[in-house]
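Structural characterization, general
Each chain is listed here by its residues.
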Amino acid sequence: MLPPLPPWAVRKVIYPFLRRLKGDGLQACVEELQSHERLSQEELGNLQWSRLERFLKHVETNVPYYKDLFKQTGLRVEEIRSPVDFLNIPLLTKERIRAAGRQIVTEEPGRRGVPLSTSGSTGEPLYFDVDTAAGPPRRACAIRSFRWMGIDIGDRQARIWGTYFGVSFRARMTEALRDYAANILQLSAFKMSDEIMQDYVARLRFFKPHLLIGFPSALTLFAEFCKSRRITDIRPGSILASGEKIYDHQEELLEDVFKSKVYEGYGTNEFGNIAHECEERNGLHMCTDLFYLEVLHESGRPAEPGEIGEIVVTDLTNLYMPFLRYRTGDLAVPSDRTCPCGRTFPLLDRIEGRTFDVVVSPEGKSAGGFFWTFLSRAVPGIARFQIEQRDRSGIVFRLVPGPEWKDEYKATLEQKIKANMGESFRVDFDIVDDIPQARSGKFRFIVSKIEERLVVKSKIHKAYVNGEEPDKVDGIVIDEELLDLANIAPCERVLIVDNDNGARVETFVRKGKKGMGEIKITGAAAKQVHAGDEIIIMSFTWSEETEAQFKNILVDENNRFVRYLIEIAGEKA
């Protein structure tokens, strides 16, 4: 590992040289954005609205998607004169962007874009383009926000962040050179075993970062590792938690272990830095000189101060593939306070997480991240936890137990949950050794799958029951070879549809002898399904997990595999 460069050399020599070489005007852009910090609220509002008007005229004139949208809705740009008028523009979603294709790209000659994508950690990635002209203001916005934490160009930054797969060797080398010239150390958040984190300790001791950046979950995991091994000599000047919601207990742990102030930033792959805490740590300043930001109540109206709403963004710098009133899926609480720092940018009290980071009951009661993190501290011994909800009737409380955990704590937790969500609310506990991160490197404390659908995963068509044992344990015994072909696991719940008598029975699978064609009904299931009946066997999964997994097989009268009814690329037929 090469020694880091002196910060003064980066700030005074390398950075100015690279800026002159690129000629992108970044330094002038930084100075312009910093001049906006002390504008009056009226001046800042006028600046934002003038940029929004230019943006709207551009999309109406040059972007086919918006031309059609305005025509269909009867909207005219010249009639949008206030924030109230602006609410009449339909919201933009990922689904609409995908459906629009290249129709949402500008037809203005000479304007170019750079392809990017979201991580897709909660579903299908979104592929989009960012205006090349948006690069300097976005980078300038990040520099300005970092200065609010006391971090300047050239100060050493260590990042525990996601890394990209499938990147060429040349691209990796180019990125590594850029990072070295900027005094940035990249550490992957994807795999954080004890051995890897011990290596991170050694590298951070050598690098001595002024700033440590990472997903809150990754930073917390690393802090827990350092605390358990009494590692006390990693002392970044500041810590920036971004990419996920940070909870109070995480912030307390980070400040205790690293003896550093923790700042919160909010940004997305689509827009870069959007809001950031300053030295006062009194809320997140919204960068309204680059974005038109809304926080919308679920009813569609602007959220009141102190009220949770979804962040909706109009990016005033991306004219190549414009995002107008784009739903981020992130929740925040707006504020009407002013910050003691004197900056006039409006504040968000806090980021609440994703729209799906809320647990709901059949009666409409809800509990967001704060409730669950406080609950996890109501009893000792919870090292890590995750709440999963697949329907409104209840949740799975998944936890990794610590040394102090006792099974009787389940009753305490269940009582507190029911007091908040209702007595009929179901609570199932799942005690596990580990809870993995998402593919993006992030960790989700709340996993809501209410919006997913239960879909067919596997089917065995026209099978014949060749045995029944009513006195045995309830279930269906299926030839192991058929289980493999149909992607059904032993003990998996299946639905049996009897083609002879119309019965529909749910039961569990037991593995039969391989290659014998055995399909036997046992226990209570044998009261409705009998030897000699022709049946269909189906198993199900949630829509998020079903990509390329559907198996639909046909068997003959001896329960021998005939063929796949739906062929799947790369699978045997």
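For the structure given in this document, a descriptive report is provided here.

Rules used in this analysis
Residues numbered from 1 in each chain as written. Predicted model: local features only at pLDDT ≥ 70, side-chain atom pairs only at ≥ 80, totals over all residues. Heavy atoms only, no water. Helix = DSSP H or I, 4+ residues; strand = E, 2+ residues; numbered from the N terminus. Buried < 20%, exposed > 50% of the residue type's maximum accessible area, 1.4 Å probe, protein only. Areas by Shrake-Rupley, 256 points an atom, 1.4 Å probe, with all protein chains shown as cover. Core = buried A, V, L, I, M, F, W, Y, C linked by side-chain atoms within 4.5 Å. Contact = heavy atoms within 4.5 Å. Polar contact = N/O pair within 3.5 Å; in protein donor to acceptor, adjacent residues only side chain to side chain. Axes fitted to C-alpha atoms, helices over the stretch in contact; angles between N-to-C directions. Parallel < 35°, antiparallel > 145°, perpendicular 65-115°, else oblique. Left-handed = near helix turned anticlockwise from the far one by under 90°. Nonpolar A, V, L, I, M, F, W, Y, C, P; charged D, E, K, R; others polar. Phe/Tyr/Trp six-rings, centres within 6.5 Å; stacked < 30°, edge-to-face > 60°. 1 Å grid on protein atoms, 1.4 Å probe; cavity = no way out; pocket = protein on both sides within 12 Å on 5 of 7 lines; lining within 4 Å. Points joined across faces, edges and corners; volume = space filled by probe spheres on them. Expected span 1.5 Å × (residues − 1).

Topic: the overall build of the protein chain
Scanning the protein chain from N- to C-terminus turns up 14 helices and 28 strands. For the protein chain, with 573 residues in total, the buried portion stands at 50%. When the accessible surface of the protein chain is summed, it comes to about 27900 Å², and 51% of that surface belongs to carbon and sulfur atoms.

Structural notes on the nonpolar core
Residues Leu 56, Tyr 66 and Phe 323 are the most contacted members of the largest nonpolar core, which totals 60 residues. It is helix H3 (residues 41–62) that provides the largest number of residues to this core, a total of five residues. Excluding residues within four positions of it along the chain, Leu 56 makes contact with Val 77, Ile 80, Phe 86, Ile 89 and Leu 324. Ala 158, Met 197, Ile 239 and Val 257 belong to the second largest nonpolar core, which has 29 residues in total.

Observations concerning the environment of Asp 289
Looking at where Asp 289 falls in the secondary structure, it is placed in the loop between strand E9 (284–286) and strand E10 (291–296). Along the backbone, Asp 289 and Leu 52 are 237 residues apart, and their C-alpha atoms lie at a distance of 9.9 Å. Not counting residues within four places of it along the chain, the set of residues in contact with Asp 289 comprises Leu 33, His 36, Leu 44, Leu 47, Arg 51, Arg 144 and Phe 345.

Some words on the side chain of Asp 289
Exposure remark for Asp 289: the relative accessible area of 0% places this residue in the buried category. Within the structure, Asp 289 has its side chain in polar contact with the side chain of His 36 (distance 2.9 Å).

A closer look at the packing of helix H10 (residues 216–228) against helix H11 (residues 248–258)
Two numbers describe how H10 lies on H11: the axes approach to 9 Å, and their chain directions differ by 45 degrees. Considered as vectors, H10 and H11 are oriented oblique to each other. Seen from above, H10 lies across H11 with left-handed handedness. Residue-level inspection shows Pro 216, Ser 217, Leu 219, Thr 220, Phe 222, Ala 223, Glu 224, Cys 226 and Lys 227 of H10 in contact with H11, the latter providing Gln 250, Leu 253, Leu 254, Asp 256, Val 257 and Phe 258. Looking at the contact of H10 with H11, its residues break down into nine nonpolar, three polar and three charged.

Considerations on the packing of aromatic side chains
Enumeration according to the criterion identifies 16 aromatic pairs in this entry. Ring centres of Phe 271 and Tyr 326 lie 5.6 Å apart, and the angle between their planes is 70 degrees; this geometry places the pair in the edge-to-face category. With Phe 271 in the loop between strand E7 (261–268) and strand E8 (272–277) and Tyr 326 in strand E12 (residues 326–334), the pair connects residues that are 55 residues apart, well separated along the chain. The buried category is assigned to Phe 271, whose relative accessible area is 1%. Note on Tyr 326: relative accessible area 0%, which makes it buried.

Here's the deal with empty space enclosed by the protein
By the definition in use, this model includes one cavity of 30 Å³ or more. Each pocket or cavity is described by its volume, and for the largest cavity that value is around 30 Å³. In terms of lining residues, the largest cavity is bounded by Tyr 266, Ile 274, Met 286, Leu 293, Glu 294, Val 295, Ile 311 and Leu 348. The element best represented in the lining of the largest cavity is E10, accounting for three residues.

Some points on helix H8 (residues 169–181)
For H8, which comprises 13 residues, the first-to-last C-alpha distance of 18 Å matches the rise-based estimate of 18 Å (1.5 Å per residue) to within 8%. Positive backbone phi, at 65 degrees, marks Asn 183, one or two positions downstream of H8.

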